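A structural walkthrough
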Amino acid sequence: MTNFIYPLATTIAGVDEVGRGPLVGAVVTAAVILDPANPIPGLADSKKLSEKRRNALYDLIIERSLAWSLGRAEPEEIDRLNILHATMLAMQRAVAGLSLTPDYVLIDGNRCPALPMPSQAVIKGDSLVAEISAASILAKVTRDREMAELDLQFPDYGFAQHKGYPTAFHLEKLAKHGATPHHRRSFAPVRNALLDAEVLASSLTL
């Protein structure tokens, strides 16, 4: 980690999210309070780590942290609130779920959700702050595993490979097979696929 200047606090939680961009599934957040007496070597932005390394660190974070918690907002909440507000809600849920109440929260990105304690947004926090890096790893591993499970339910879409992001393959399968119950209806490619299906259905009934 680089020399990020930490706020004056005794119990700091780091928070990050995964899954703002995908067309399917929940946005998943994590909050982590690390144990200064039990450091975890090798923490880094989850996107820069191999899957094997992420999984190994995931186990260490759960084992060595003073507290950790996951939060989420489901596709229907994303559709109702929009992705930004749903992400803020999922972050609030992650912090509220901690077994130890932090006196300061560091959030990856450029804005903080409303929290009952002071917080600070940190741009590129997943590369600068160990607590946020740990949160990013928990969130990413959790969401990736959920996408692997969804892939077993809907094998035509390739969720295990693209994790729900709008790749050319995903868009092709969405156009061919339509949306699953887990797709975010408010996202344009999904909305368009649903409209196309409606148009086709109405033309067949004419």
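First, a word on scope: everything that follows refers to the structure included in this document. What you see is a predicted model, and the numbers here were worked out from it, not measured in a lab.

Reading guide: rules and limits
- Residues numbered from 1 in each chain as written.
- Predicted model: local features only at pLDDT ≥ 70, side-chain atom pairs only at ≥ 80, totals over all residues.
- Heavy atoms only, no water.
- Helix = DSSP H or I, 4+ residues; strand = E, 2+ residues; numbered from the N terminus.
- Buried < 20%, exposed > 50% of the residue type's maximum accessible area, 1.4 Å probe, protein only.
- Contact = heavy atoms within 4.5 Å.
- Salt bridge = Lys/Arg side-chain N within 4 Å of Asp/Glu carboxyl O.
- Pairing = 2+ DSSP bridges.
- Axes fitted to C-alpha atoms, helices over the stretch in contact; angles between N-to-C directions.
- Expected span 1.5 Å × (residues − 1).
- Polar contact = N/O pair within 3.5 Å; in protein donor to acceptor, adjacent residues only side chain to side chain.
- Core = buried A, V, L, I, M, F, W, Y, C linked by side-chain atoms within 4.5 Å.
- Arc of directions from axis to C-beta.
- Left-handed = near helix turned anticlockwise from the far one by under 90°.
- Nonpolar A, V, L, I, M, F, W, Y, C, P; charged D, E, K, R; others polar.

**Concerning the environment of Ala 73**
Relative to the helices and strands, Ala 73 resides in strand β3 (residues 67–73). Residue Ala 73 is classed as buried on the basis of its relative accessible area of 0%. Separated by 77 residues in sequence, Ala 73 and Leu 150 have C-alpha atoms that sit 16 Å apart. Dropping the residues within four chain positions of it, Ala 73 is found in contact with Ala 26, Val 27, Ile 78, Ala 86, Ala 90 and Arg 93.

**Some remarks on the pattern of salt bridges**
Counted under the stated rule, the structure contains 7 salt bridges. One salt bridge in this structure joins Glu 74 and Arg 72, with 2.6 Å as the shortest N-O distance. According to the relative accessible area criterion, Glu 74 is partly exposed, its value standing at 26%. On the basis of relative accessibility, which here comes to 29%, the residue Arg 72 falls in the partly exposed class. As a salt-bridge pair, Lys 140 and Asp 144 come within 3.1 Å of each other at their nearest N and O atoms. Separated by 4 residues within a single helix, Lys 140 and Asp 144 lie in helix α5 (residues 130–153), roughly one turn from each other.

**With respect to the sheet that holds strand β1 (residues 12–18)**
The 5 strands lie next to each other as β3-β2-β1-β4-β5, forming an open sheet whose pairing is mixed. Bordering the open sheet on either side are β3 and β5 (119–122), each of which pairs with just one other strand. Across the sheet, the mean angle separating the axes of adjacent strands is 20 degrees when strand polarity is ignored.

**Looking at helix α3 (residues 83–96)**
Here α3 spans 20 Å end to end across 14 residues, near enough to the 20 Å set by a 1.5 Å rise per residue. Among the residues of α3, Ile 83, Ala 86, Thr 87, Met 88, Ala 90, Met 91, Ala 94 and Val 95 are the ones counted as buried. Against the buried residues of α3 lie β1, β2 (27–33), β3, α2 (75–81) and β4 (104–108). Two or three places before Leu 84, at the start of α3, stands the capping residue Asn 82, its side-chain oxygen 3.0 Å from that residue's backbone nitrogen.

**Some words on the nonpolar core**
Core analysis: the largest hydrophobic core is formed by 20 residues, its most contacted members being Val 32, Leu 34, Ile 40, Leu 43, Leu 57, Ile 61 and Ile 137. Elements with a minimum of two residues in this core: β2, α1 (51–64) and α5. Here this core gets 7 residues from one element, more than from any other, and that element is α5. Excluding residues that lie within four positions of it along the chain, Val 32 makes contacts with Ile 12, Ala 13, Gly 14, Ile 61, Ser 65, Ala 67, Trp 68, Glu 131, Ala 134, Ala 135 and Leu 138.

**Focus on helix α7 (residues 168–177)**
If you check which residues of α7 are buried, you get His 170, Lys 173 and Leu 174. The buried residues of α7 occupy one face: seen down the axis, they fall within an arc of 105 degrees. Along α7, the residues that are exposed and aim more than 90 degrees away from the buried face are Ala 168, Ala 175 and Lys 176. In the stretch just after α7, Gly 178 is the one whose phi turns positive, near 85 degrees.

**What about the environment of Val 24?**
Examined against the element boundaries, Val 24 turns out to sit in the loop between β1 and β2. Separated by 71 residues in the primary sequence, Val 24 and Val 95 have C-alpha atoms spaced 24 Å apart. Excluding residues that lie within four positions of it along the chain, Val 24 makes contacts with Arg 143, Met 147, Leu 150, Phe 159, Gly 164, His 170, Thr 180, His 182, His 183 and Arg 184.

**What about the packing of α1 against α5?**
Where α1 contacts α5, the two axes come as close as 9 Å, and the packing angle between them is 120 degrees. Along this stretch, α1 crosses α5, giving a crossing that reads as left-handed. Of α5, the residues touching α1 (which contributes Arg 54, Asn 55, Leu 57, Tyr 58, Ile 61 and Ile 62) are Ala 134, Ile 137, Leu 138, Lys 140, Val 141, Thr 142, Asp 144 and Arg 145. Along the lines of polarity and charge, the residues of the contact of α1 with α5 split into 8 nonpolar, 2 polar and 4 charged.

As far as function goes, none of this settles anything; it's purely spatial.
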